[in-house]
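Geometric and topological summary
What follows is each chain in one-letter form.
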Amino acid sequence: MTSAGADRLLLLVAGLVIDGLFGDMPALFRHIPHPIVLAGRAIAFFDRKLNRETRSEQSRHYRGIITVIVLVGTAAALGLAIEWICRGNPLGVVVEALLIAVLLAQRSLYDHVAVVAEALNSGGLAAGRAAVRHIVGRDPASLDAHGVARAAIESLAENFSDGVVAPVFWYLLLGLPGLFAYKMANTLDSMIGHRSPRYRSFGWAAARFDDLLNLVPAPISGLLLVAAAVFAKSGRPDRALLIMLRDGRKHHSPNAGWPESAMAGALGLALAGPRRYPEGLVADPWLGDGNARAATSDIARALHLYRLACLIEAGMLLGVWLAAHLKLPI
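In this report, the structure presented in the accompanying data block is examined. Computed from a predicted model, the values in this text were never measured in an experiment. (Residues numbered from 1 in each chain as written. Predicted model: local features only at pLDDT ≥ 70, side-chain atom pairs only at ≥ 80, totals over all residues. Heavy atoms only, no water.)

**Brief notes about helix α6 (residues 106-132)**
With 27 residues, α6 should cover 39 Å at 1.5 Å per step; its first-to-last C-alpha distance of 17 Å lies more than 12% under that length. Of all the bends found along α6, the most pronounced is centred on G123 and spans about 150°. Within α6, the full set of buried residues consists of Q106, S108, L109, V113, A114, V116, A117, A119, L120, G128, A131 and V132. (Helix = DSSP H or I, 4+ residues; strand = E, 2+ residues; numbered from the N terminus. Expected span 1.5 Å × (residues − 1). Bend = angle between axes of the 7 residues up to and from the residue. Buried < 20%, exposed > 50% of the residue type's maximum accessible area, 1.4 Å probe, protein only.)

So this is what it looks like as structure tokens:
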């Protein structure tokens, strides 16, 4: 392994630790805009200028492709420039580790899902629906308490891939340019990659490109959840692996099914299934063959599994760095 590769591994571990300890660092971003907020503003600008309803569907389709190329390319170029400035500079090492931490969603994802469990426990269904609204795209009014719990667990599994494993994967592969490009692509997908009348043409490229970037990280995230089930009390790693291999491709998303089905198997639940979104009903099959009546206790079990998966990921990165640093065979 090259020294640059070893340095990336250690910086990733540092970024994961910083994110795990401090999360979104709200005190810092009260004074300066968060990078994802800046990305969102850029996307909203392109949306206003290029996605006008007076244009034809074909025109909006091509303009959506241009939007993805320009914004992802700009993000990659910015990452390359910052990486060049940071290279060989002790302060630059700190800056790069902080940027990695800021662009990971490890702690914030945990916190958002934990809030749903707390809301269901303390405020009942209405509070649970209000809390889950912040982390899912489906219509919360259509959910009962079990649906709210399932939605929180599904979001935890899917966003483990999108918000933790995929950023780590692309940083490890391409450094800051890869991380910046991935986060821009993922933000594009979350903002415009919908099947609604407004975005079915303009957001097509954003959705497909995000699918492409997650083709490898999504199965990896599922395998990490399988590994986590080995160490979780009442976890079922054999069922997690079996259900992931059996049901991972059944989801309407080409990538979300891998971690969601692994989570379903590990916890003995049935996840996904038919769901109502603002643009209509998505008639997905169920993932897993367990209990569909998920409860707040199941959210807690899912969060425990998620913590273990994050620790395993960080431990593997640190182990490879130590092997490379100490010149041990990997």
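Moving on from the coordinates now.
**As for the packing of helix α7 (residues 145-192) against helix α12 (residues 296-325)**
Closest axis-to-axis distance for the α7/α12 pair is 10 Å, and the angle between their directions is 10°. Viewed along their axes, α7 and α12 adopt a mutual orientation that is roughly parallel. The segment α7 lies against α12, with A149, A152, I153, L156, F160, V164, V165, V168 and L172 engaging D298, I299, A302, L303, Y306, A309, C310, E313 and L317. Tallied by class, residues from the contact of α7 with α12 come to 16 nonpolar, no polar and 2 charged. (Axes fitted to C-alpha atoms, helices over the stretch in contact; angles between N-to-C directions. Parallel < 35°, antiparallel > 145°, perpendicular 65-115°, else oblique. Contact = heavy atoms within 4.5 Å. Nonpolar A, V, L, I, M, F, W, Y, C, P; charged D, E, K, R; others polar.)

**Section: a nonpolar patch on the surface**
Taken together, the side chains of L10, L318, L322 and L326 make up a nonpolar region of the molecular surface, amounting to roughly 320 Å² of accessible area. By secondary structure assignment, the location of L322 is in helix α12. (Patch = residues over 30% accessible without salt bridge, like charges linked within 9 Å, V, L, I, M, F, W, Y side chains within 5 Å. Areas by Shrake-Rupley, 256 points an atom, 1.4 Å probe, with all protein chains shown as cover. Salt bridge = Lys/Arg side-chain N within 4 Å of Asp/Glu carboxyl O.)

**Things to note about the side chain of R150**
With respect to the helices, strands and loops of the structure, R150 is situated in helix α7. The side chain of R150 is buried and forms no salt bridge, while E154, the nearest opposite charge, is found at 4.4 Å. (Lys, Arg positive; Asp, Glu negative; His and termini not counted.)

**A closer look at the environment of Y110**
Tracing the backbone shows Y110 in helix α6. According to the relative accessible area criterion, Y110 is partly exposed, its value standing at 23%. It is 28 Å that separates the C-alpha atoms of Y110 and A283, two residues lying 173 residues apart in sequence. With residues near it in sequence (within four places) discarded, Y110 still touches L303, Y306 and R307.

**Examining the packing of aromatic side chains**
The final tally for this structure, using the stated rule, is 3 aromatic pairs. Centroid distance F160 to Y306: 5.6 Å. Interplanar angle 85°. Geometry classified as edge-to-face. Of this pair, F160 sits in helix α7 while Y306 sits in helix α12, and the two are 146 residues apart along the sequence. On the basis of relative accessibility, which here comes to 2%, the residue Y306 falls in the buried class. (Phe/Tyr/Trp six-rings, centres within 6.5 Å; stacked < 30°, edge-to-face > 60°.)

**Digging into the pattern of salt bridges**
By the definition in use, this model includes 11 salt bridges. The closest approach of N and O atoms between R198 and D47, which form a salt bridge, is 3.0 Å. Placement of the pair is R198 in the loop between α7 and α8 (204-213) and D47 in helix α3 (residues 35-50), with a sequence separation of 151 residues. When its relative accessible area of 9% is taken as the criterion, D47 is described as buried. For R200, the salt bridge identified is with E57, shortest N-O distance 3.6 Å. Here R200, found in the loop between α7 and α8, pairs with E57, found in helix α4 (residues 57-86); they are 143 residues apart in sequence, far enough to count as distant.

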